[in-house]
Structures are given as structure tokens and as C-alpha cells.
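Chains, contacts and geometry: an overview
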Amino acid sequence: MLSKTHALVLHSFKLGDSKFIVEVLTEAYGRVSFITNIAKSKKGAQQRMLFQPLTLLEITFDYRSTQNLQKLKEARIAVPLHQISFDPYKCSIAFFLAEFLFHATKKESHNTLLYKYIESSVMWLNETSQQFANFHIVFMLKLSKFIGFYPNLDSYTKGCLFNLRTACFEFLMPAHSDVLTMNEAESMYHLLRLNYDTMHHFAMSHEERNRCTELILKYYKLHLPSFPPLKSLSVLQDVMRT
């Protein structure tokens, strides 16, 4: 059955001389893996550009629920991301978030709200002329709402801690060390209330932003046990320092 849907590229790699495996998140089916042929030619080089991390595509493919690898029939750019492509800061964020989403959405089936959130976020990053150093932090925190472990903001009271395992703000120190201190918990609470248009008002040093990023990744690791260390994190941290 031929299906058409919007998709976001997460990862691609070469298989043999001319085949590529492409991992995408689709609006209609959730996570899907494709196999496609790409020739060694000028046209092939143009095709490979379609499968860069975080590219927004419109795809047509022969969907078969019993197959692990679907056959891609056609792919075209749905939304050009020229600003991300030519801005080293935005590009580093895009590569980081593509790797992050590759692991965070591995078990996602059809979830239109999740896809629309990611798509609109990528488009915002591409188009913005505002400060966006906190973008990946706000993005990861908000994403947890769509995959099932968004922190309970109603439990916050000034001076409390944040239990990373229960996703709740608490006063009692738990019997484990997966907890944010009082100051970190307060920062987490304020970050959770921000959006892309207001996040530049939350000032952080480079070191504080790195610490915050690492804590959020730890939070995901606790709730998604197969979530690994991200190779692109060090690149993001180095680029955003300049």
C-alpha cells in the first residue's frame, strides 16, 4: 500500500555500495526505517542531501506492517532549512537533537502531537533571529510531555528538591542520589515554564547550560534505560562556547 506522510530524518548510514538505511520519524506511522538505493552520481549526491539529520521531508513509500525495512519510493524537501544549514550554531544544535531524538523516540508509534511539536520546533529554530542558546534545553524538557514523563509542576514549592526518578518536586531527600538540589530544582521549574519566545530571558553561563543539559540527559536515561551517552554532546558544548 502506497502511503504519503511528512517525516523528519534522524539518522542514515550506507549499506554496501549503493544502498542507504534511513531512520525517520513520520507523522502517520511514528518511527520507520527505510532502505533506498542512491547511485554514485551527481543526482545521487543530491539525494543524499535529503537525508541529513533533522531534514523535513514529504515521503511516499510502500508501507508493509510485517517488514522492518520499508521501501522508499519518493522523497522531497517539505520545508527548506537554509538557516540551520548555514549557521554553525544552529547546525550543531540540529545534529545534537537528531541524535537525541533517534534514541528518545525509538519506541514511538503514531503520535501526531509529538511529530507536530518536533516539526514546529525545528521550523522555529530555522527561522528565528532571537537568541537560541537555551533552545535544546527547552526542547528536551517539553518533549518529555509527549513521551510520558513530564515533571509534575503542581508539586513545586520554593526550597524543595526535584526527584529525577519520580519526576516530582519533593521536600524529603530520597534514598538515592538521583535528585536535583534546591537551586537546581528551582532552575528546572522556571525552565519548564518557558517557551521559545521567552527562554532568552533565563540567563545561564556556559557552564550552567552544560550542567543543565547533562542533568536533562540523565533524566531521560532514568526513564528510558536504553538511552546511551550522546556522541554529539561534546561538539555542541564546544561550539556553543564560542
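An account of the accompanying structure is given in this report.

By size, the foremost hydrophobic cluster in this structure holds 61 residues, and its most contacted members are Phe-100, Ile-118, Phe-135, Phe-139, Leu-143 and Tyr-220. For this core, the secondary structure elements donating two or more residues are strand E1 (2–15), helix H3 (88–104), helix H4 (112–127), helix H5 (135–147), helix H6 (182–192), helix H7 (206–223) and helix H8 (233–241). The element best represented in this core is H3, accounting for nine residues. When near neighbours in sequence (up to four residues on either side) are disregarded, Ile-118 contacts Leu-8, Leu-25, Leu-101, Phe-139 and Leu-143. Core analysis: the next-biggest nonpolar cluster, separate from the first, contains 14 residues, Ala-7, Phe-20, Val-22 and Phe-51 among them.

This brings us to the pairing of E1. Inspection of the sheet shows E1 paired to strand E4 (residues 56–62) by seven bridges, in the antiparallel sense. Within E4, the residue paired with Ala-7 across the bridge is Leu-57. Across eight bridges, E1 lies against strand E2 (residues 19–26) in antiparallel orientation. Along E2, the bridge assignment pairs Val-9 with Val-24. In sequence, E1 turns back onto E2 through a hairpin of three residues, with Gly-16 there showing a positive phi of about 75°.

What follows concerns the pattern of salt bridges. All chains considered together, the criterion is met by nine salt bridges. We note a salt bridge from Asp-62 to Arg-64, for which the minimum N-O separation is 3.1 Å. Classification of Asp-62 by relative accessible area gives buried; the value is 14%. Lys-218 serves as the salt-bridge partner of Asp-178, at 3.3 Å between the closest nitrogen and oxygen. Here Lys-218 lies in helix H7 and Asp-178 lies in the loop between strand E7 (168–170) and strand E8 (179–180), a separation of 40 residues in the sequence. For Asp-178, a relative accessible area of 9% translates into the label buried. Given a relative accessible area of 33%, Lys-218 falls into the partly exposed group. One network of salt bridges, in which partners are shared, links Glu-27, Lys-116 and Glu-119.

What counts and what doesn't
For every chain, the first residue of its written sequence is number 1, and the numbers climb from 1 along that sequence. Reporting in this predicted model follows two pLDDT cut-offs: at least 70 for local features of residues, and 80 or more for side-chain atom pairs to be given and counted; totals over whole chains, interfaces and linings ignore these cut-offs and use all residues. Just so you know, side-chain values use all the structure's heavy atoms and leave hydrogens and water out. Only buried residues count toward a nonpolar core, which is a set of Ala, Val, Leu, Ile, Met, Phe, Trp, Tyr and Cys residues joined through side-chain atoms within 4.5 Å. For every residue, the accessible area (1.4 Å probe, protein chains only) is compared with the maximum for its type, and the residue is labelled buried under 20%, exposed over 50%, or partly exposed between those bounds. Here a helix means four or more residues in a row that DSSP labels H or I, a strand means two or more in a row labelled E, and each is numbered from the N terminus. Any two residues whose heavy atoms approach within 4.5 Å are treated as being in contact. Pairs of strands are assigned from DSSP output, requiring at least two bridges between the strands. In the sections that follow, a salt bridge refers to a side-chain nitrogen of Lys or Arg positioned within 4 Å of a carboxyl oxygen of Asp or Glu.

Such coordinate-based values are descriptive only and should not be taken to indicate function.
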